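# Observations on the model geometry
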There are 2 protein chains.
Amino acid sequence: MSQTPDSAVRAYIEEHRSLFLDRLAAWLRIPSVSAQPHHAGDVRRSADWLAAELRDTGFPAVEVWPTEGAPAVYAEWPSDDPEAPTVLVYGHHDVQPAAREDGWNSEPFEPVVRGNRLYARGAADDKGQVFFHTLGVRAHLAATGRTAPAVNLKLLVEGEEESGSPHFRALVEQRAERLAADAVIVSDTGMWSEDTPTVCTGMRGLAECEIRLYGPDQDIHSGSFGGAVPNPATAAARLVAALHDEHARVAVPGFYDGVIELTDRERELFAELPFDEEEWLRTAASRATHGEADHTTLERVWARPTAEVNGIGGGYQGPGNKTIIPSSALVKLSFRLVAGQDPDHVEKAVRDWAAGQVPAGIRCEIDFGAATRPCLTPLDHPALRSVVRAMERAFGTPVRFTREGGSGPAADLQDVLGAPVLFLGVSVPSDGWHAPDEKVELDLLLKGAETSAYLWSDLAEHWRSAP
Amino acid sequence: MSQTPDSAVRAYIEEHRSLFLDRLAAWLRIPSVSAQPHHAGDVRRSADWLAAELRDTGFPAVEVWPTEGAPAVYAEWPSDDPEAPTVLVYGHHDVQPAAREDGWNSEPFEPVVRGNRLYARGAADDKGQVFFHTLGVRAHLAATGRTAPAVNLKLLVEGEEESGSPHFRALVEQRAERLAADAVIVSDTGMWSEDTPTVCTGMRGLAECEIRLYGPDQDIHSGSFGGAVPNPATAAARLVAALHDEHARVAVPGFYDGVIELTDRERELFAELPFDEEEWLRTAASRATHGEADHTTLERVWARPTAEVNGIGGGYQGPGNKTIIPSSALVKLSFRLVAGQDPDHVEKAVRDWAAGQVPAGIRCEIDFGAATRPCLTPLDHPALRSVVRAMERAFGTPVRFTREGGSGPAADLQDVLGAPVLFLGVSVPSDGWHAPDEKVELDLLLKGAETSAYLWSDLAEHWRSAP
């Protein structure tokens, strides 16, 4: 099997750049927000749009797979080589909520190119990174003169990743035979920076819950009753305050059970990256670091489990004052998990802990959504070497290793399909995932397509020889 | 000066009951919510409506007094007795925010009579209790055959009480000469119960603040950055959690400075009241008491200073999840103050305390509104005896003493006018001040009018003889 000629790949991508961007923009205009019920129709529309596009790309079999929630899109393109390995690419077509008034400089669902950047909700997370594979496989075929890819290529693009993938595991279990693969390529992560291409070797898991605290049956007068009954907003605050100890460690008993600690070698690899804390803080739009004692910032975001408040609310939040004791309060928490932690164990630990924090007279309800498991790829995996080589050809520089603080259902694919999970992502930290003015760097997106174009030949060549 | 004949007063009130209720309902239909800017026009309309009504009642001089905020209504009715004392009645025509969806069984600004109760925002707090004086003075005149009241009657009805009376003290200072009085009657409190009429001898003061905590410049991804930067929602929660110590005492250093502790006699008087904690809890719509150690519930709500969270908010509060670290969070606090506490001192104590609670990287802004001072009437004051006698005639039972946990600008009147402040209120705890389904007991409202009708003659008779 011959090496794909790099110049031919690059020429193809350059020639199709404009069309690629037009089509991606069309997809980004669909507000496929899975967390908001009123966008359910848009999520379905996004799936149908992608399915049609994949058919146009050349995938001979494309299906929209319903779930109990939002639909996923599945596509298959068998290799013309009967001994080719099978690769499953994973991504998602749903996006985070977004509204202009959250601080966007343009409409979140009206893509705008400014300079080398494309601004829109989903530009980087994850539509852009799913979409570069359509250009990548076309370039792969054009440059190699093949009529089918060098690998059996499968694509699974789910519609509920931003809602914690509640039906994803069931879908994968139900469709395990169709999804069977020798390796899974997850394109829903980022890399270190524009200048330092990296491959991610692990993602944190995620457990999310909403805690509702109920006090008086209705808001009551803080003058008539203040100081003499429990206040659910106070209870909510005390619960959140008790989440961390004075070393910023999570104070929920049992939370750290099973955590696989970083090895010295891994800590060294992290420390070798050109990390500039000032610059990182700018990306985080923050003015100080803060986190678990005895760990660096990179260790905190990549390899340590966390508890964060995503939302808190109760009582009067409008203009002026309202002298009430509120009837109820609400806390939304998310826990990032690392390899070795079991989400079910964490859920139980949090439930037991919360029950012990709530004062008499306050009723507490906790709802956990479906959790996402953490995952970790061995540094010496042969398929990981293929990804590294393909990226090095596209970027022209050595590729280093990172982990990802965010979460994805990659671990479910690993568990159910029994296949190793590899990460191929070209987003950079400044892309603003989940934030206003989310964007993607267009040059990087095209490098992603180029990497994808090289990867299938490289994997086919080296995967055979893998033990 | 002759005693007002009770039967004549009662007959007059019975005869005019229906008209009185119709007019009150018309006033309650005006949503005079001072805290919400979009209701500013309604607050002005409420003032104009009341001014017209007071002219109809017979007050020869009625004026709407503008302030930098909402207008107050002032009315004067000189006595025909040149040696009569001057009494200033205080109330307010603005109301708390209210919306049907907060849990009201009927529209808050569409008064409805069910049984002996009139339901509407402001029915008890405070329009109903201002309005009974219009029927009271008419009954006083009709029953005594006078053409002017036995006292020089002044009425001041402000429009910003529910917003902390930010311009009230300035108004009183500016108009001190017009407002000059020998005694102030505040009709903005309640009594023990329908069966146990009481006179209130003090109100707690109120200091309110909004604390805004700013973290990242925008919401950021909790996966990419979680665990490594300070979260303003966590900071808000920790601030609120630090407000109270493990004995539910306010933990702000200096907060209790100057507090006049209850005497043993006062604690005994409180303990003698027919207090049923189960019933009190039902009124509080709550399932447990909770408060400062070593104090009874009545002591906690009447005579102890408190800190309450009226609202807390930050991050995502909608359906589903949003895995962010929020950009900012908000806490609305109110502090009830008791005699001896200085609001300026409390404000400074809270500011100093809050500044020390906020972690590096979080910016904290605190806005305090204008405070309301606490006040206390001596139990042996001769004008207080007149109020007690008038109530005893109206209710036909002995009157006992309470305090009021709520707050009003009575202390400003006491400070500026140098006049003793007395409380005449007929609302009961179940009236639901500031809550959904606020109501007033119609029979009690008419007893209020009856008390008012007796009071002017009694005060004129006994005030002269006061030292």
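Residues numbered from 1 in each chain as written. Chains lettered and ligands numbered in written order. Predicted model: local features only at pLDDT ≥ 70, side-chain atom pairs only at ≥ 80, totals over all residues. Heavy atoms only, no water.

Now for the sheet that holds strand β5 (residues 117-119) of chain A. One key point about sheets: their strands pair by backbone hydrogen bonds, in either a parallel or an antiparallel sense. Residue and element names in this part refer to chain A. Overall, antiparallel pairing links the 3 strands, which are arranged β4-β5-β18 in an open sheet. In this open sheet, the two strands that pair with only one neighbour each are β4 (112-114) and β18 (439-441). Going across the sheet, the axis of each strand differs from the next one's by a mean of 25 degrees, ignoring polarity. Sheet topology note: the β4/β5 ladder contains 3 bridges and is antiparallel. The residue of β5 that forms the bridge with Val 113 is Leu 118. (Pairing = 2+ DSSP bridges. Helix = DSSP H or I, 4+ residues; strand = E, 2+ residues; numbered from the N terminus. Axes fitted to C-alpha atoms, helices over the stretch in contact; angles between N-to-C directions.)

Residue and element names in this part refer to chain B. Spatially, the 3 strands line up as an open sheet ordered β4-β5-β18, and their pairing is antiparallel. The sheet is open, and its two borders are formed by β4 (112-114) and β18 (439-441), each paired with just one other strand. Neighbour-to-neighbour, the strand axes of the sheet open up by a mean angle of 25 degrees, direction not taken into account. Bridging between strand β5 (residues 117-119) and β18 involves 3 bridges; their strand directions are antiparallel. Looking at β18, one finds that Tyr 119 is bridged to Lys 439.

When two helices pack together, their arrangement is given by the angle between the helix axes and by the axis-to-axis distance. Residue and element names in this part refer to chain B. Two elements in contact, helix α1 (residues 6-28) and helix α14 (residues 442-463), have axes whose closest approach is 10 Å; the angle formed by their N-to-C orientations is 130 degrees. By the angle between their axes, α1 is oblique relative to α14. Both α1 and α14 take part in a crossing whose hand is right-handed. The segment α1 lies against α14, with Asp 6, Val 9, Arg 10, Ile 13, Arg 17, Phe 20, Leu 21 and Leu 24 engaging Leu 442, Asp 443, Leu 445, Leu 446, Ala 449, Glu 450, Ala 453 and Tyr 454. The class makeup of the residues in the contact of α1 with α14 is 11 nonpolar, no polar and 5 charged. (Parallel < 35°, antiparallel > 145°, perpendicular 65-115°, else oblique. Left-handed = near helix turned anticlockwise from the far one by under 90°. Contact = heavy atoms within 4.5 Å. Nonpolar A, V, L, I, M, F, W, Y, C, P; charged D, E, K, R; others polar.)

Turning our eyes to something else, we now look at the UniProt feature "domain: Peptidase M20 dimerisation" (unreviewed entry) in chain A. When the UniProt feature table is mapped to this numbering, "domain: Peptidase M20 dimerisation" (unreviewed entry) covers residues 202-356 of chain A. Helix and strand shares over residues 202-356 of chain A are 32% and 23% respectively, and the end C-alpha atoms of the span are 34 Å apart. (UniProt positions renumbered as here; feature names shortened; annotations may be inferred.)

Another point: the pattern of salt bridges. All names here are of chain B. The tally for this structure, following the rule as stated, stands at 70 salt bridges over all chains. Arg 265 is the salt-bridge partner of Glu 268, the closest N and O atoms lying 3.4 Å from each other. Highlighted residues: Glu 268 and Arg 265, both in helix α8 (residues 264-272), separated by 3 residues, approximately one helical turn. Glu 268 sits in the partly exposed class, given a relative accessible area of 42%. (Salt bridge = Lys/Arg side-chain N within 4 Å of Asp/Glu carboxyl O. Buried < 20%, exposed > 50% of the residue type's maximum accessible area, 1.4 Å probe, protein only.)

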